[in-house]
Amino acid sequence: MARVLLKQVVKAFQDQPVVKGLDLTIPNGSFTVLVGPSGCGKSTTLRMIAGLEEVTDGEIWIGDRKVNDVPPGKRDLAMVFQNYALYPTMNVFENIAFGLQNRGLPRQECKSLVHEIAEVVGLTSYLDRKPSELSGGQRQRVALARAMVKKPQVFLMDEPLSNLDAKLRNQMRVELTSLHKQLGSTFIYVTHDQVEAMTMGDQIVVMNEGRIQQVASPVELYQDPTNLFVAQFIGSPAMNILSWEEEESCLLGFRPEKGRIAATIQPSTEEKGISLRGKVRSREILGAEVLYYVDTRKGQIIVKANHDVELIAEDEDVRLSVAAKDLYFFDEKTGMRVMGQHVHSLPLAGGAV
Amino acid sequence: MHRLAAYPLKIVERILLIVVTLVFVFPFLWMMLTAFKTLPEVFRFPPTFLPEIWDFSNFMKAWESGPFLRFVFNSFIVAVGVLILQFLTAVPAAYAFARYRFPGRNLLFGITLIALMIPPQVIFLPIYVQMSGWGLVNTLWSLILPYGASAFGIFLLRQSFMQVPDEVIEAARLDQASEWKIMWKIMVPIAKPVLVTFGLFSFIYHWNDYFWPLIMTNSDAVRTLPMGIAMLKASEGGKIWNVIMAGNVILVFPILIIFFFAQRHIIRAFIYQSK
Ligand SMILES: Nc1ncnc2c1ncn2[C@@H]1O[C@H](COP(=O)(O)OP(=O)(O)O)[C@@H](O)[C@H]1O
Ligand SMILES: [Mg+2]
């Protein structure tokens, strides 16, 4: 019902295009995350869906209504802002009730709805407080409650967790995803943090410079990036990208966790793939995992290894190898993923260096 | 170290504050004391500080010298009427100047600022002619209507409306609030300290104003309190200073009451202003 549809949506500020023709379907009930570097047009896109920003061109549909000319209040959606945007002079109760009152809901009904929601987000004992008397986390909950109480078809959230400390942010992530499951409404969530996107979204829209790079599920995005940008944006640390002599204008990539590192200079010969010699420049021990920064002939490469294999010291000579199935190929000029033939024509281990 | 160095400075600061306070308070105190003296004592030289005999009759004399109840009533209607009108016009104007982009906005705001710089003495003539054309001269309307829009109020309110984050207004729009509602339910409460400041300025100005009623009125029925006091001065030959001062005490009494009850709020409003 409340599927959201963008058709060739364009936004320009003073003739400067910032959103450049988005085509996107956000299925009813999905948790769709718009993710991309700062300034790529995520907020602008969200604000156009909300009706806070006019579209320069294209169409926006919510459910089976074209909403280009529908004012924000009539689009049956609610938004949570990064800075919460609570009404500073109203107390928590009034903040939550404001939207209901504007719809002309009877007072008694209004009151019981507010209390019900306050219960859900744990604000019952704070209803008389002003926003200035609340902690960041509590303000966040008021903002959520204010959105939820309207029972909208679509929830819009613009980096709602970025003002919280790390611990609270993790907790709220979990709460938001479970909230989404409970409500079953459509969530459109904006973040620049790919970890947040991957952990929360069931559909992820990667954007860059006002264009959609890829729309996919988290797993698909990780395993099957369509281009160099997505490959490097998703995953931390980012995918290693190397030039590759065997094929003209083709780049080769692999994820740090797929690289294998051994304290030997002997080429491994077990399976198809590449192998490279290098020297460990530095390492970071992250609990169960270790990051090795390895200098090679092709530049610095990061490999993530398990702790249970024995640690390799800094300055040691090592051999890196990557299985053929874990390699990605990209066209150097367009950045697009190149599929198929390369994988088969790869030389056996040792061939690359 | 630090504290020692700061200590003499603190003393100097205190002394300066006391001097300034005396300069402002003394005339006021003198007015109060004079209002309680008998006429011979007022003219005695060297002057006495405290009244030798506390004479309370001066207040009755002042009050009974004319229709003072009428004057108080008129003053009140004018000051409050002006305030309400200014409030009703300044809020939408300031909201538009602060929050909408429309052609000619800067020009219009510029004109508003110019109005801020023109004293009433410069424009009273055309306004008088206009009021007279509408048949409003010598009515309370002629004291209220010309002050119905305050450039100062628009300016102050605009400043404080501009500081409200965009998202708060956007959140209200998403909450289906009309522009009207956003203005009165969101913006005005946020601007309350500024509104109080402005309200005080406006009320005191119009309560004390002498010039405008002098121009626009010519009968006791529509005169205001300052004119009543001025008439004390003109009545009979010599100047009965004790009665005049008693009239002045009556004049400032409501303002003192306001200050007394709103002191905290006023101080906060002015601190807010200077931030
Ligand atoms: N009101 C505006 N006027 C002019 N440029 C704007 C406006 N809002 C956003 N932009 C520009 O549009 C681009 C995208 O902004 P935004 O959508 O906020 O990015 P994101 O949310 O992805 O960080 C940025 O370059 C920003 O400077
Ligand atoms: Mg943004």
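Since we're looking at a predicted model, the values are computed, not measured.

1. Regarding the interface of chain A and chain B
Then, number 1: The interface of chain A with chain B comprises 22 residues on the first partner and 15 residues on the second.
Then, number 2: Where chain A abuts chain B, roughly 1,700 Å² becomes buried across the two surfaces, and 61% of that area is made up of carbon and sulfur atoms.
Then, number 3: One can count two salt bridges joining chain A with chain B.
Then, number 4: Residue Arg47 of chain A is joined to Glu170 of chain B by a salt bridge in which the shortest nitrogen-to-oxygen separation is 2.8 Å.
Then, number 5: Summed over the shared surface of chain A and chain B, the number is ten residue pairs in polar contact (both at pLDDT 80 or more).
Then, number 6: When contributions to the side of chain A that touches chain B are tallied by element, the ones reaching two or more residues are helix H1 (42–50), strand S6 (77–80) and helix H2 (92–102) of chain A.
Then, number 7: Its residues assigned to classes, the side of chain A that touches chain B shows twelve nonpolar, five polar and five charged.

2. With respect to the UniProt feature "transmembrane region" (unreviewed entry) in chain B
All names here are of chain B.
Then, number 1: As annotated by UniProt and renumbered to match this structure, "transmembrane region" (unreviewed entry) occupies residues 12–33, 71–95, 107–128, 140–157, 186–207 and 240–262.
Then, number 2: Measuring from the first to the last C-alpha atom of residues 71–95 gives 36 Å, for a span that is 100% helix and 0% strand.
Then, number 3: Secondary structure over residues 186–207 splits into 95% helix and 0% strand, and the C-alpha atoms at its two ends are 30 Å apart.

3. Brief notes about the sheet that holds strand S18 (residues 328–331) of chain A
Residues and elements named next belong to chain A.
Then, number 1: A sheet is described by the order of its strands in space; here four strands give the open sequence S11-S12-S18-S19, paired in antiparallel fashion. In this open sheet, the two edge strands, each paired with only one partner strand, are strand S11 (240–243) and strand S19 (337–338).
Then, number 2: In terms of strand pairing, S18 meets S19 through two bridges, oriented antiparallel. In the sheet register, Phe330 faces S19, and the bridge partner there is Arg337.

4. Topic: the sheet that holds strand S15 (residues 289–296) of chain A
Residue and element names in this part refer to chain A.
Then, number 1: Overall, antiparallel pairing links the five strands, which are arranged S13-S17-S14-S15-S16 in an open sheet. A single partner strand is all that each edge strand has here, and the edge strands are strand S13 (260–262) and strand S16 (299–306). Across the sheet, the mean angle separating the axes of adjacent strands is 45 degrees when strand polarity is ignored.
Then, number 2: Where strand S14 (residues 273–286) meets strand S17 (residues 317–323), seven bridges bridge the pair, whose relative direction is antiparallel. Looking across to S17, one finds that Ser275 is bridged to Ser321.

5. Notes on the packing of helix H9 (residues 166–174) of chain B against helix H10 (residues 179–190) of chain B
Residues and elements named next belong to chain B.
Then, number 1: It is the contact of H9 with H10, at a shortest axis distance of 10 Å, that shows an interaxial angle of 130 degrees. Taken together, the axis directions place H9 and H10 in an arrangement best described as oblique. In this structure, the crossing between H9 and H10 has a hand that is right-handed. Counting all contacts with H9, which are made through Val168, Ile169, Ala172 and Arg173, the residues of H10 involved are Glu179, Ile182, Ile186 and Met187.

6. Points about the UniProt feature "domain: ABC transporter" (unreviewed entry) in chain A
Then, number 1: Here the UniProt-annotated "domain: ABC transporter" (unreviewed entry) positions come out as residues 4–234 of chain A.
Then, number 2: Within the segment residues 4–234 of chain A, helix and strand shares are 37% and 26% respectively, and the terminal C-alpha atoms sit 25 Å apart.

7. What about the nonpolar core?
Then, number 1: One finds Leu156 and Ile188 of chain A together with Phe161 and Ile186 of chain B to be the most contacted residues of the largest nonpolar core, which totals 58 residues.
Then, number 2: If we ignore the near neighbours within four places in the chain, the residues touching Phe161 of chain B are Val91, Ala94, Tyr95, Ala98, Arg99, Met187, Val188 and Ala191 of chain B.
Then, number 3: Judged by nonpolar contacts, the second largest core, of 45 residues, contains Val35, Leu161, Ala197 and Ala216 of chain A.

8. Notes on the environment of Ile169 of chain B
Residue and element names in this part refer to chain B.
Then, number 1: Looking at the secondary structure, you find Ile169 in helix H9.
Then, number 2: Overall, Ile169 belongs to the buried group, its relative accessible area being 3%.
Then, number 3: For the pair Ile169 and Met183, spaced 14 residues apart in sequence, the C-alpha to C-alpha distance is 9.3 Å.

9. Details of the side chain of Lys150 of chain A
Then, number 1: Mapped onto the fold, Lys150 of chain A is located in the loop between helix H4 (136–148) and strand S7 (154–158).
Then, number 2: A distance of 3.0 Å separates a polar atom in the side chain of Lys150 of chain A from the backbone oxygen of Leu174 of chain B.
Then, number 3: Non-local contacts of Lys150 of chain A, meaning those with residues more than four positions away in its chain, are made with Leu77, Ala78, Gly99, Leu100 and Arg103 of chain A together with Leu174 and Asp175 of chain B.

10. Some thoughts on a positive patch on the surface
Then, number 1: Together, Lys130 of chain A together with Lys192, Arg264 and Arg268 of chain B make up a region of like positive charge exposed at the surface.
Then, number 2: Looking at the secondary structure, you find Lys192 of chain B in helix H11 (residues 192–208).
Then, number 3: When its relative accessible area of 47% is taken as the criterion, Lys192 of chain B is described as partly exposed.

11. Looking at the pairing of S16 of chain A
All names here are of chain A.
Then, number 1: Relative to S16, S15 runs antiparallel, the two sharing eight bridges. Following the sheet pairing, Tyr293 is matched in S16 by Ile302.
Then, number 2: Between S15 and S16, which pair antiparallel one after the other, the connecting turn spans two residues.

12. Considering the pattern of salt bridges
Residue and element names in this part refer to chain A.
Then, number 1: Applying the stated criterion across every chain yields a total of 15 salt bridges over all chains.
Then, number 2: Across the salt bridge formed by Lys66 and Glu59, the nearest N and O atoms sit 3.9 Å from each other.
Then, number 3: Relative accessible area serves as the criterion here: at 41%, Lys66 is assigned to the partly exposed category.
Then, number 4: When its relative accessible area of 25% is taken as the criterion, Glu59 is described as partly exposed.
Then, number 5: Its salt-bridge partner being Asp326, residue Lys325 comes within 3.5 Å of it at the nearest N-O pair.
Then, number 6: Here Asp326 falls in the buried class, since its relative accessible area comes to 12%.
Then, number 7: If you follow the salt bridges from partner to partner, you end up with Lys7, Glu59 and Lys66 in one network.

The rules behind each value
Residues numbered from 1 in each chain as written. Chains lettered and ligands numbered in written order. Predicted model: local features only at pLDDT ≥ 70, side-chain atom pairs only at ≥ 80, totals over all residues. Heavy atoms only, no water. Contact = heavy atoms within 4.5 Å. Buried area = accessible area lost by both parts, 1.4 Å probe. Salt bridge = Lys/Arg side-chain N within 4 Å of Asp/Glu carboxyl O. Polar contact = N/O pair within 3.5 Å; in protein donor to acceptor, adjacent residues only side chain to side chain. Helix = DSSP H or I, 4+ residues; strand = E, 2+ residues; numbered from the N terminus. Nonpolar A, V, L, I, M, F, W, Y, C, P; charged D, E, K, R; others polar. UniProt positions renumbered as here; feature names shortened; annotations may be inferred. Pairing = 2+ DSSP bridges. Axes fitted to C-alpha atoms, helices over the stretch in contact; angles between N-to-C directions. Parallel < 35°, antiparallel > 145°, perpendicular 65-115°, else oblique. Left-handed = near helix turned anticlockwise from the far one by under 90°. Core = buried A, V, L, I, M, F, W, Y, C linked by side-chain atoms within 4.5 Å. Buried < 20%, exposed > 50% of the residue type's maximum accessible area, 1.4 Å probe, protein only. Patch = residues over 30% accessible without salt bridge, like charges linked within 9 Å, V, L, I, M, F, W, Y side chains within 5 Å. Areas by Shrake-Rupley, 256 points an atom, 1.4 Å probe, with all protein chains shown as cover. Lys, Arg positive; Asp, Glu negative; His and termini not counted. Charge placed at Lys NZ, Arg CZ, Asp CG, Glu CD.

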